[in-house]
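Architecture at a glance
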Amino acid sequence: MAVSTLIGAKIHRREDPRLVSGRGRYVDDMQPTNVLHAAFIRSPYGHAKISRIDLTEATKAPGVEAIYTARDFEKILQGAMPVTNSFVADKKQPIGWAYIAKDETRYQGEIVAVVLARGRDEAADAASLVQVDYKPMTPVVDIDGAVAKGSPTAHSGIPDNIAWDTTVGGGDVKAAFAEADVVVKQRILQQRLFPIAMEGRALVVEYTPIENKLTMWSSTQVPHWVRLCLTLATGIPESNIRVIAPDVGGGFGSKIHIYPEEYLAAAASKLSGQAVKWVEERSENLTATHHGRAQIFDIEVAAKKDGTLLGYKVTQYVDTGAYVSVFSSFQCSAYAIAEGAYDLKNVEFRTVGVLTNTTPTDAYRGAGRPEATHAIERGIDLVARELGMDPVEIRRKNFTKKFPHTNYLGLIYDTGDYDKALTKALEIANYSELRRRQEDLRKQGKLIGIGLSTWIEVCGFGPGQGHATTFAQIAAETLGIPYDQTEVRTGDTGDTPFGYGTYGSRSLHVGGSAVLMSSRKVVDKAKKLAAHLLEAADEDVVFEGGRFYVKGSPDRAKTMGEIAFAAHRDNLPPGMEHGLEATTYYDPPDLSWPFGAHVCVVEVDPETGAVKLQRYVAVDDCGNVINPMIVEGQVHGGVVQGIGQALFEEVLYDHETGQLKTGTLREYMVPTANEIPEFVTERTVTPSITNPLGAKGIGEAGTIASSIAVINAVCDALTPLGIKHIDMPATSDRVWKLIKEAGK
Amino acid sequence: MSHKVVTTVNGRRYEHEVEPRLLLVHHLRDNLGLTGTHIGCDTTQCGACTILLDGQAVKSCNLFAVQAEGRSLTTIEGMAKDGQLHPIQQAFWDEHGLQCGYCTPGFIMAAAYLLAENPNPTEDDIRRGFEGNLCRCTGYVNIIKAVQTAARTMGGAEAKPATQAAERRA
Amino acid sequence: MIPAAFEYARASSVEEASSLLNRFGEGAKVLAGGHSLVPLMRLRLAQPKALVDINGIKDLDYVKADGSRLRIGALTRHVTIQRSKVVRDNLPILAEVAGEIGDNQVRNLGTIGGVVAYADAAGDYPTIALMLDADIVTNQRTIPAEDFFQDLFTTPLAPDEIVTEVVFPVASGPHKYIKFRRRLFDWAIVGAAAQKLNGGWRIGLTNVGPTPVRAKAVEDALQKGAKPEEAAEHASDGLEPADDLRANPEYKKHLARVLTRRAIQQAE
């Protein structure tokens, strides 16, 4: 599609005037008068048996209406939380995840009781009076501990902590390694992260008994999924449940999970007969909302002397937390694009899920793709170093160059020009000059590092992304109506057909395509009606600039508005139904594969180990761009989240108690405006062939590319000291320890 | 025991009886219905609850409502005047300085303070001015641009209160 | 979370504050800027029975040059200290330290008296107070800084005793405070201060022990003519810093040495 007046234009987001003036409507902004406030009583231990729950004092507290425990919910909620089972088939006893703990708790933050009180303060006060007697057990809080022989198990009575152990592969890996001149091996840590959407989760739910109806406002990325799961759990028909996601203050994957609180609040509303509200506090969020990453990669890369990559072996350990979460399969999806931008057919990927006594992990911005990119981009740098090659040269040598390309698993990459993106990024960064400067500064004892990452991702399977604007741009353009006369509604199961929600950078690719196809259906019908009204044959009617007219007589035209009006009147062609509407369920026939190249420059203080970001260049290709302003914004945000992982953020648990050591935002370091580098964002445009817009997703691009660009830069800076690898986050103390050991 | 608290918020006088433990941010949101001020953490890191207290940017989750007795407050709802967005709000819109919008009111109020104190800030001044505000969507790039744009459109028009503030402190 | 309930009273004078503290008895706390106290209360890690709000005591908010002394009222906000011409002329290091505390919002509310009385090992003012032999004045007595910072969060303050003023010597010579941290608004992982005073050096360290530290061994070495890089090697003498999430003891000692050297070298 040609870039035209509206698609591809930098149009201001229509959701913004409300949001900049304090008129957003997030769930906590709803303050219904007759509502009970819920407070969840959560286990403070990593692993414990519950010996007794005493509600005597709490029940007597002012304002308390009800306190429920597991027994009460058994009457309302059937079954258990849905868990990914695709990888657990070979386990003799798949791990169930109850909505609420009854006898045993398996992570700090697991719910054991729910207090309902008239006031928020009263709910909090009563919660502190609930007496739970726990018998703490020895927790396992990390992968190494959990896979060790004789390790305690994360659940009582399970044989070991292995949730899954599956290997996929393609080509002849054995032969590839036999043929290799060099093999590099590296263990790479993907530390556990908090997603930290700035708005925590929040719920208002109201059950009305006579109609058996349930209405829920939830800060979620997936309202239709929530509705489906609530139906399965409560037995209330789907048609009687309405789930509304109003303004959502960020998600990054953390709101695609259907959480225990959603089931329990719904059930509590049914049990109490009153509306229930719950707003997650930040300290609560850090244990109750799923975590991201928490993986270890053991990689082996085989290559020829000339830098040609031959084979790639990966073992991925995924710390699943205490339960295998709803979308936990995303957590191992690194396998799908393990070989990244490189034409590498001999790949073996083993993924091992490991249960621990920690908050369950699930998709976090990029979900599998940052991890895959990190591993292969680290691997290729290590090979380059082993061979004394420039990291640019080895990448160019191995890029996948012919498209469509079938990868080792049989997935088809639609389009790409990886060299073009890399070349552009290097030009902007002035790469050869940077290398010269690096050489000079090294002589003065300064450690400058240049890091590259070439990323690809697969999308088509994200909140705050500007849908209301981009979707409207597509509709207005296709329908030939003014942008201002379009309205976009999403997030309410009551007035939109089933959709999978926003995640995996799928909104534009899938939702945008559906908008385009619906708009085209509307135009087709309108054209038939116009032909009827203009007394012409369908094929003689031209649609241009929002007007329908008979070829050759543009002055006698009907506008889309006139046609829309006529569609509800009596003068319709025979057999045509009233109205001018269309619904499209778009399931893309194939995936789209955006890509790009990032360059990062850092300086490391050799004395303190402090890493300073100097410059960051991002060249991304997401096919045709609907709104460049929104695309750029998505890249900035993603890059900074990746920088957060590379240099600042890390969830730490206490090994003895299984409690968080990073329990507030004081210990868990989200970067501020002062920690970001100078940015350049640019684009190349290689349209997709798998969707009618030619667009590819962009929401996760920055995160996928940036953590590794930063880490490769830090490793490059440390090269003169003989340091090959550093794990994330590359904090000053970690860098300093490496420097010190290297000096020994 | 509850305490009477009289405040002027966005030019309007409010009188309430409040419990001492009621945080100012909850007072604004629950009692005054001014839900534009958000809560993003419980340890005073995120700055989503930033408001102006007698012209000074403060985090309203770190004050009790009783402490606002007799004070004059400005929240995000008080920024737009006569149906027109404040130049800072307009600049956030123009420069795509927000995505999910949750941290935005805090950033706009922090920016209002920053520009009142320093009408012509450098990029570094702006970054420093946002030490206490976290955003997870934008990567900050367009927020910084928005403040630069706002500084230009405001043309130092709000420089005066800054001078007064500086004198008051000297 | 929601803080546990407490009683609240506003004091308009130090005498009133003191008598309120007496009246409420044990479990009452003074509320100044509240940046340490309120978050603890919200997490219910602190549940004071009563708060005595001293923010209304206007005559504790001042900066005065008084001959060779600089007197700062306990309720003086960080932002005032940061920008005050009197402080910049008489003790510029203190203005610089104030500007490095927290963020704009925190500096607009936080007070010097609050930081000093809280005696957090990561507090920045206590380091300057200790190394310059400042006096901590209360409604009952004057306590030399050396005797004030007894242990982590521990001072000799009686339950009804309120810090009213911090008195520093005037020192406008070469000085530097380096606050090493990951993000600009964080607390110091380690801080090092150097100040030229009466022909000698004063060296202070932040967050390398339960209390602020005056690095006398460094001062002495400099006095004897050691070069900054030699003298700074003594910065970690006798230190036993605590392990925390950001640094182990060995790293903190290393930082103490590096930052001390840099502070002396960069002092202007």
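**Considerations on the overall build of chain A**
From N to C terminus, chain A includes 19 helices and 24 strands. Relative to the compact-globule value of 27 Å for 744 residues, chain A shows a C-alpha radius of gyration of 28 Å, a close match. Reported as C-alpha extents along the three principal axes, the dimensions of chain A are approximately 90 × 75 × 50 Å. Looking at chain A residue by residue over its 744 residues, the buried ones come to 64%. Of the roughly 26400 Å² of accessible surface on chain A, 50% is carried by carbon and sulfur atoms. The distance from the centre of the 78 positive side-chain charges to the centre of the 93 negative ones in chain A is 1 Å.

**Some details on the packing of aromatic side chains**
In total, this model carries 22 aromatic pairs over all chains according to the counting rule given. One aromatic cluster is present, formed by Y342, F399, F403, Y418 and F595 of chain A through successive ring pairs. Between the NZ or CZ atom of R201 of chain A and the centre of the ring of Y259 of chain A, over which it lies, the distance is 3.6 Å. The aromatic ring of Y62 of chain C is capped on one face by K64 of chain C, whose charged end is 4.3 Å from the ring centroid.

**Quick look at the domain arrangement of chain B**
All names here are of chain B. Split into domains, chain B comes out as domain 1 (3-78) and domain 2 (87-165). Measuring from the centre of the C-alpha atoms in domain 1 to the corresponding centre in domain 2 gives 21 Å. In this complex, domain 1 contributes 18 residues to the contact, which on the side of domain 2 involves 13 residues. Across the interface of domain 1 and domain 2, roughly 1200 Å² is buried in total on both sides, 63% from carbon and sulfur atoms. Taken as a group, H38, T50 and I76 account for 39% of the area that domain 1 buries against domain 2, more than any other trio of residues on that side. Taken together, domain 1 and domain 2 are joined by 0 salt bridges. Where domain 1 touches domain 2, the interface holds 6 residue pairs in polar contact (both at pLDDT 80 or more). Every element with two or more residues in the side of domain 1 that touches domain 2 is listed here: β3 (50-53) and β4 (56-59). In terms of residue class, the side of domain 1 that touches domain 2 is built from 7 nonpolar, 10 polar and 1 charged.

**Remarks on the packing of helix α7 (residues 223-234) of chain A against helix α8 (residues 260-272) of chain A**
All names here are of chain A. Two numbers describe how α7 lies on α8: the axes approach to 11 Å, and their chain directions differ by 55°. Between α7 and α8, the angle falls in the class oblique. Note that α7 runs across α8; the crossing there is right-handed. Residues V226, C229, L230 and A233 of α7 lie in contact with α8, whose contacting residues are E262, Y263 and A266. A class-by-class count of the residues in the contact of α7 with α8 yields 6 nonpolar, no polar and 1 charged.

**Describing the interface of chain A and chain B**
Contact with chain A, which involves 54 residues of that partner, is made by 47 residues of chain B. In this assembly, chain A and chain B are joined by 6 salt bridges. Close ionic contact of D28 of chain A with R29 of chain B constitutes a salt bridge, the shortest N to O distance being 3.1 Å. There are 26 residue pairs in polar contact (both at pLDDT 80 or more) connecting chain A and chain B. Only α1 (16-20), α4 (120-127), α9 (282-288), α17 (628-648) and β24 (678-683) of chain A provide two or more residues apiece to the side of chain A that touches chain B. A class-by-class count of the residues in the side of chain A that touches chain B yields 21 nonpolar, 16 polar and 17 charged.

**Here's the deal with the pairing of strand β5 (residues 69-73) of chain C**
Residue and element names in this part refer to chain C. By the bridge criterion, 4 bridges tie strand β4 (residues 63-66) to β5 in an arrangement that is antiparallel. In the sheet register, V63 faces β5, and the bridge partner there is I72. Adjacent in sequence and paired antiparallel, β4 and β5 are bridged by 2 residues, among which G67 carries a positive phi angle near 65°. When β5 meets strand β8 (residues 163-169), the two strands line up antiparallel, connected through 5 bridges.

**Thoughts on the confidence of the model for chain B**
Residues and elements named next belong to chain B. Mean pLDDT over chain B stands at 92; residues scoring 70 or higher make up 91%. Confidence drops under a pLDDT of 50 for residues 158-170, and excluding neighbours within four residues, the segment shows 19 contacts in the predicted structure. Predicted as a complex, the structure gets a pTM of 0.92 and an ipTM equal to 0.95.

**What to know about the interface of chain B and chain C**
Across the boundary between the two partners, chain B contributes 32 residues, which contact 36 residues of chain C. Of the roughly 3000 Å² buried where chain B meets chain C, counting both sides, 56% is carbon and sulfur surface. Counting across the chain B and chain C interface gives 4 salt bridges. Our enumeration of links across chain B and chain C arrives at 15 residue pairs in polar contact (both at pLDDT 80 or more). Of all the secondary-structure elements, those providing two or more residues to the side of chain B that touches chain C are β4, α3 (104-117) and α4 (123-129) of chain B. In terms of residues, the side of chain B that touches chain C owes the most to one element, β4 of chain B, which gives 4 residues. Class assignment for the residues of the side of chain B that touches chain C results in 12 nonpolar, 12 polar and 8 charged.

The rules behind these values
Counting restarts for each chain, with residues numbered from 1 along the sequence as it is written. Each chain is given a letter, starting from A, and each ligand a number, starting from 1, according to the order in which they appear as written. Only residues with pLDDT of at least 70 are given local features in this predicted model, and only at 80 or more are side-chain atom pairs given and counted; all residues enter the totals for whole chains, interfaces and linings. Water and hydrogen atoms play no part in the side-chain values, which are based on all heavy atoms of the structure. Each helix is a run of H or I in the DSSP string that is no shorter than four residues. Each strand is a run of E no shorter than two, and both are numbered from the N terminus. The globule rule used here is 2.2 Å times the number of residues to the 0.38 power, and the radius of gyration it is set against is calculated over C-alpha atoms. Exposure is judged per residue with a 1.4 Å probe applied to protein chains only, and the accessible area is read against the type maximum: over 50% gives exposed, under 20% gives buried, and values in between give partly exposed. Where accessible areas are quoted, they stem from the Shrake-Rupley method and a 1.4 Å probe; at the residue level, only the protein chains shown are allowed to cover. His is not counted, nor are the chain ends, whereas Lys and Arg count as positive and Asp and Glu as negative. Each charge is placed at NZ for Lys, CZ for Arg, CG for Asp and CD for Glu. Here a Phe, Tyr or Trp ring, Trp counted by its six-membered ring, pairs with any other such ring whose centre lies within 6.5 Å, and the pair is stacked when the planes are under 30 degrees apart, edge-to-face when over 60, and tilted otherwise. Distance and angle both matter: a charge sits over a ring if NZ of Lys or CZ of Arg is within 6 Å of the ring centre and within 35 degrees of the ring normal. In this document the domain limits rely on a domain assignment from an automatic tool or a database. Note on contacts: a residue pair is in contact if any heavy atoms of the two residues lie within 4.5 Å. Summed over both partners, the accessible area lost on bringing two parts together, with a 1.4 Å probe, is the buried area. Put simply, a salt bridge is a Lys or Arg side-chain nitrogen that is within 4 Å of an Asp or Glu carboxyl oxygen. Under the rule applied, a polar contact is a pair of N or O atoms within 3.5 Å (in protein, one hydrogen donor and one hydrogen acceptor; residues adjacent in sequence only if both atoms are side-chain atoms). Note on residue classes: Ala, Val, Leu, Ile, Met, Phe, Trp, Tyr, Cys and Pro are nonpolar, Asp, Glu, Lys and Arg are charged, and everything else, Gly too, is polar. Axes here mean lines fitted to C-alpha atoms, for a helix over just the part in contact, with angles spanning 0 to 180 degrees between N-to-C directions. Each angle receives one of four descriptions, namely roughly parallel if under 35 degrees, roughly antiparallel if over 145, roughly perpendicular if within 65 to 115, and oblique otherwise. Here a crossing is taken to be left-handed if its near helix is turned anticlockwise relative to the far helix by less than a right angle, and right-handed if that turn runs clockwise. Only when DSSP finds a minimum of two bridges between them are two strands counted as paired. Confidence scores per residue from the predictor, reported as pLDDT, run from 0 to 100.

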